[in-house]
Amino acid sequence: MTRLMGEQGPLRTLVEPTLEDLGFDLVRLLLMGKQRRILQIMAERRDGDPITVEDCEAISRSLSAVLDVADPIQGAFDLEVSSPGMDRPLTRRKDFARFAGFEARFESDLAVDGRRRVKGRLKGITDDDTVIVAPAEPGPDGSQADWAVPLAALVKAKLVLTDALIDHAMKADKATREDDAPQTGADES
């Protein structure tokens, strides 16, 4: 797992098995705030279908029970369950392969070719966990070379909402609806 996913400690070990049992994958887990804390869980369906409000409610009910029993967070907190959205964070190795070809913003704690931040087209991830990006703008030296950063050095990665991403999401949604539509046969009797 990458640190892009968020919390890597005991909260994740409580949350992840519950999500998996319900048929979801954890995308990101963040504990935010000081006064009133918010535990943000981003999840997606394992079957690839879009996550629904009902899915978020089911996840919230199940996780609330688990968190109430384990009581891992001192003091009051709000549980926030959501889908990653179209302009989602990229947090797992498979996200960098799945969303290759789309525009994204990246931030690294390691300067690569004089840059810590890059916006550009994600080209994918190599076998040795190097994320390859075709930058939208030339680097400090004027070069338009690909930006190759170790996955472990990334602190933020997020898709940019573009027409291509919207088209991709709409086609995926349409395919899901067609798959879920009742099938009628011509020779039904």
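(A) Structural detail: the pattern of salt bridges. Going through the model one piece at a time under the given rule, you end up with 16 salt bridges. A salt bridge links Arg 46 to Glu 20; its shortest N-O distance comes to 3.7 Å. In this pair, Arg 46 is assigned in the loop between strand E2 (37–45) and helix H2 (53–70) and Glu 20 in helix H1 (residues 10–22), connecting sequence segments 26 residues apart. Within the structure, one salt-bridge network assembled from shared partners comprises Glu 44, Arg 88, Arg 92, Asp 95 and Arg 98.

(B) Geometry of the pairing of strand E6 (residues 130–135). Judged by how many residues are buried, E6 sits mostly within the fold: 6 of 6 residues are covered. Bridging between strand E5 (residues 115–125) and E6 involves 5 bridges; their strand directions are antiparallel. Along E6, the bridge assignment pairs Gly 120 with Pro 135. Connecting the antiparallel pair E5 and E6 is a turn made up of 4 residues, with Asp 129 showing a positive phi of about 65°. As defined by bridge partners, E6 adjoins strand E7 (residues 147–150) across 4 bridges and the pair is classed as antiparallel. Along E7, the bridge assignment pairs Val 133 with Trp 147.

(C) The arrangement of unusual backbone geometry in detail. Backbone geometry at Asp 71 places phi at a positive 50°, although glycine is not the residue there. Looking at the element boundaries, Asp 71 is found in the loop between H2 and strand E3 (77–82). Judged by relative accessible area, Asp 71 falls into the exposed class, the value being 55%. Unlike most non-glycine residues, Asp 113 shows phi in positive territory, near 55°. Residue position: Asp 113 is located in the loop between strand E4 (103–112) and E5.

(D) Representation of the packing of aromatic side chains within the structure. Counted according to the given criterion, the structure contains 2 aromatic pairs. Both rings, one in Phe 106 and one in Trp 147, keep their centres 6.4 Å apart while their planes meet at 50°; by these two values the pair is tilted. With a gap of 41 residues between them, Phe 106 in strand E4 and Trp 147 in strand E7 connect regions that are remote in the sequence.

(E) Representation of the sheet that holds E3. Pairing is mixed across the open sheet formed by 3 strands, whose spatial order is E1-E2-E3. In the strand order of this sheet, the two ends are held by strand E1 (24–32) and E3, each with one partner. Going across the sheet, the axis of each strand differs from the next one's by a mean of 15°, ignoring polarity. The pairing of E1 with E2 spans 8 bridges and is antiparallel. If you follow Leu 31 over to E2, its bridge partner there is Leu 39. Packing against the sheet, H1 makes contact with E1 and E2, and its axis sits at approximately 150° to E1. Against the sheet, H2 engages E1, E2 and E3, with an angle of about 145° to E3.

The rules we used
Residues numbered from 1 in each chain as written. Predicted model: local features only at pLDDT ≥ 70, side-chain atom pairs only at ≥ 80, totals over all residues. Heavy atoms only, no water. Salt bridge = Lys/Arg side-chain N within 4 Å of Asp/Glu carboxyl O. Helix = DSSP H or I, 4+ residues; strand = E, 2+ residues; numbered from the N terminus. Buried < 20%, exposed > 50% of the residue type's maximum accessible area, 1.4 Å probe, protein only. Pairing = 2+ DSSP bridges. Phe/Tyr/Trp six-rings, centres within 6.5 Å; stacked < 30°, edge-to-face > 60°. Axes fitted to C-alpha atoms, helices over the stretch in contact; angles between N-to-C directions. Contact = heavy atoms within 4.5 Å.

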